[in-house]
Amino acid sequence: MTAIALQEKQKTAPRSPKKKRGLSRRGHEILFVCLVLFLPLLQFVLFWLVPNFDSIIMGFQKLDGEGNLYFTAQNFVDFWKNLQDIESGLTYAIVNTLIFFVVTTLFNTPFVLFLSYGLYKKVPGYKIFRVIFYIPAILGGTVTANLFRYMVNTGGPLETLLVKMGLPVNTQIGLLSDPKTAFLMVLLYSLWMAVGSNFILFTGAMQRIPNEIMEASEVDGAGFWRQFVQVVIPLIWPTITTLFVFGLAGLFCSYGAVMLLTPRVKEATMVGWYINSLTIDTANGGGGNLYYPAAVGLVFTLIGLPIVLLSKRFLEHFSKGVEY
Amino acid sequence: MAGQNLALNHRQSFGEKLSFKAEMARRHWARRGKNEQIALLITFVILLIYALSLLYPLFWVAYNSLKTSRQFNNDQFGWPSSPQWSNYSAAWNIEVGYKKTILDQIIGRSGHKVYLWETFINSVWMTLLRVSLELLFAAPTAYVIAKYHFKGSSFIYSLAVFIQIIPLVGSLPANYQWIVGTLGIADNPFTIIPVWCVSFGFSFFILYSAFKSLPWAYAESGLIEGANHLQIFLKIMLPQVLPVLSALFVVNSIAVWGDYMTPYLFMKDYPTMSLAIYSLQEDSERTGGVPMFFSVIVLSIIPTLTVFLLSQKTIMSNYAAGGLKE
């Protein structure tokens, strides 16, 4: 989503206001800027900075028997213990998150790129396709997840199809509850819902490619596929890399698919849901605390942050010089 | 679409227009090379399969919502023998929960049962409130950062980028503790307002590039004529990004309508339609069977689908292309 923002940085935007003003005029400007920014910055401090700073402190806190807070490293010890206990689900969460990352990067991104390219090349009926491909974004997670749930439920259309194809489906338990297939279904759902905000941004980026470039490559004899691989993809590379970075940043945070499809199958959990389910349990008064999930979150932020920043720098280094 | 073409050309009938368009499409098709035709056909087939996979479940849910529970359990594929439109009126009155709202507090009630139609009302006002607040805050912020050069402007911009990419894995527990526990401003449509005045989110970046692309010359002439900075923003600059603003309004509304986590944790007493679906999804006893649950799903997507179909042209032109252009 902030793909635009990063691209903006890579390109040199024109500096608009000229600085040739008297002191009083500058004074008015400063006053205006301060008045406008006061509340937004206050809001940012109160509802972003404070809670996120607090989440670091919370990681080192715990409640004692009488309900008093004390500082401890016990949460991290618990984390370490759960890491070695397969029943806690933490190991599954980490492995599944990594699988999820590889699958979405290897399949979802190329698939969405291909769909966008088809529309860009004005495949027959592209106007109708464009509207249809917005459906996942329009319906929202609770609706699409339930559509998927009933498709793969026992006796549902997709399940029936898979059984007819002779696949070993455990019809007694159902694909979403069977520990062997539950996470596969989460992956399938994510692939099915691959279009979405990325799709909007890819089509937008392709539309910005100047016609002359496409025409020139056509004159040079580049066909449909060659244009895709050698012209379009290199030209929208900055968009691809920025979306990759955002995918990476959201990796440990994503929980939606698991929460809506397989919330209670520990073999199918992911890091984001592991943390958020503990939070929700606490919010619903189901015991537990907010300090342990905060500590787990801190661990994964510390792992994720350098990876995100390094890959951002690395990819930006490679996409330099792409200007059109 | 067709109506617009007709409006442009009164003399041609709809049929003539259509055959003309078909002829143009045929010529365009013939002009493409053999290999390109094959590639386009392959692409078309893949796109078609994917599009059908998106449409079929919707269609399936829609016609199964008209069955009786027994018919659905016996046969998930056949056509409903006699359409049960009563599923819809019943769905409207499904009990979603028992809540105590501000209104209950004012009139001194201990609480009341929440039916599905009330979650629809909650969805409407919560969506309008959240989206308006975000645009109200993001637009001036983006304008000032894009158009005024002062100490810290680029720092604030980098900060906005940074908070988008930093993976804050543990922020939900901390946010819950801060908003619900420490401040105690959750579950109240008035006190929750500050939480929703998000200035540095997704809209900020879209509006930032929209403002950035505007020439400063208009503002300069306004300043010479004695307008102050606020007037310039409201009367000269803001009207120029109105198409982007309206596209953002629709896109954000659709996203907020589908959000279930925020009402679930922070506005428990005001369940929205998305949250209702989440809480009903495993409680088919309360929904009176699967077909009635399907009618809840259909009811919940009608508003967003209508808004999208009515405004999709605006979104496509102003958001997908224009809004992201520098």
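Look up a bit, the structure's there.
Asker: Now, about the overall build of chain A: what can you tell me, with residues and values included?
Answerer: Regarding its fold elements, chain A presents 16 helices and 2 strands. Counting every position in chain A, which comprises 324 residues, the buried fraction comes to 51%. Partitioning the contacts of chain A with sequence separation of at least 6, the portion at a separation of at least 24 is 66%. A total of about 15300 Å² of accessible surface is found on chain A, and carbon and sulfur atoms cover 66% of it. Between the mean site of the 25 positive side-chain charges and the mean site of the 18 negative ones, chain A shows a separation of 13 Å.

Asker: Explain the interface of chain B and chain A residue by residue, including any values.
Answerer: Many authors give the size of an interface as the accessible area that is lost as the parts come together. Contact residues are listed per partner, giving 107 residues for chain B and 112 residues for chain A. Both sides together, the interface formed by chain B and chain A hides about 9900 Å², and carbon and sulfur atoms give 74% of it. It is Tyr-50, His-149 and Val-169 of chain B that lose the most area in chain B upon contact with chain A, and together they represent 8% of the buried surface on that side. Linking chain B to chain A there are 0 salt bridges. In this assembly, chain B and chain A are joined by 13 residue pairs in polar contact (both at pLDDT 80 or more). If you tally residues by element for the side of chain B that touches chain A, the top one is helix α3 (residues 34-64) of chain B, at 18 residues. Here the side of chain B that touches chain A is composed, by residue class, of 78 nonpolar, 20 polar and 9 charged.

Asker: Describe the nonpolar core, naming the residues involved and giving the relevant values.
Answerer: Core analysis: the biggest nonpolar cluster contains 140 residues, and Phe-133 and Met-259 of chain A together with Ile-179 and Phe-294 of chain B have the highest contact counts within it. Ranked by residue count, the leading element in this core is helix α18 (residues 290-322) of chain B, at 11 residues. Each residue touching Phe-294 of chain B, except ones within four places of it in the same chain, is listed here: Tyr-150 of chain A together with Trp-60, Val-61, Asn-64, Ser-65 and Phe-72 of chain B. Core analysis: the second largest hydrophobic core is formed by 43 residues, Val-131, Phe-211, Leu-245 and Leu-248 of chain B among them.

Asker: Hey, could you go over the packing of helix α12 (residues 217-224) of chain B against helix α13 (residues 229-240) of chain B for me, with residue numbers and the actual values?
Answerer: Residues and elements named next belong to chain B. Here α12 crosses α13 at 150°, and the two axes come no closer than 10 Å. Between α12 and α13 lies a crossing of right-handed hand. Of the residues in α13, those touching α12 at Tyr-218, Ala-219, Gly-222 and Leu-223 are His-229, Ile-232, Ile-236, Met-237 and Gln-240. Here the contact of α12 with α13 is composed, by residue class, of 6 nonpolar, 3 polar and no charged.

Asker: Summarise helix α16 (residues 273-280) of chain B; cite the residues concerned and give the values.
Answerer: Where burial is concerned, most of α16 of chain B is hidden: 7 out of the 8 residues are buried. For α16 of chain B, the complete set of buried residues consists of Met-273, Ser-274, Leu-275, Ala-276, Ile-277, Tyr-278 and Leu-280 of chain B.

Rules behind the numbers
Residues numbered from 1 in each chain as written. Chains lettered and ligands numbered in written order. Predicted model: local features only at pLDDT ≥ 70, side-chain atom pairs only at ≥ 80, totals over all residues. Heavy atoms only, no water. Helix = DSSP H or I, 4+ residues; strand = E, 2+ residues; numbered from the N terminus. Buried < 20%, exposed > 50% of the residue type's maximum accessible area, 1.4 Å probe, protein only. Contact = heavy atoms within 4.5 Å. Areas by Shrake-Rupley, 256 points an atom, 1.4 Å probe, with all protein chains shown as cover. Lys, Arg positive; Asp, Glu negative; His and termini not counted. Charge placed at Lys NZ, Arg CZ, Asp CG, Glu CD. Buried area = accessible area lost by both parts, 1.4 Å probe. Salt bridge = Lys/Arg side-chain N within 4 Å of Asp/Glu carboxyl O. Polar contact = N/O pair within 3.5 Å; in protein donor to acceptor, adjacent residues only side chain to side chain. Nonpolar A, V, L, I, M, F, W, Y, C, P; charged D, E, K, R; others polar. Core = buried A, V, L, I, M, F, W, Y, C linked by side-chain atoms within 4.5 Å. Axes fitted to C-alpha atoms, helices over the stretch in contact; angles between N-to-C directions. Left-handed = near helix turned anticlockwise from the far one by under 90°.

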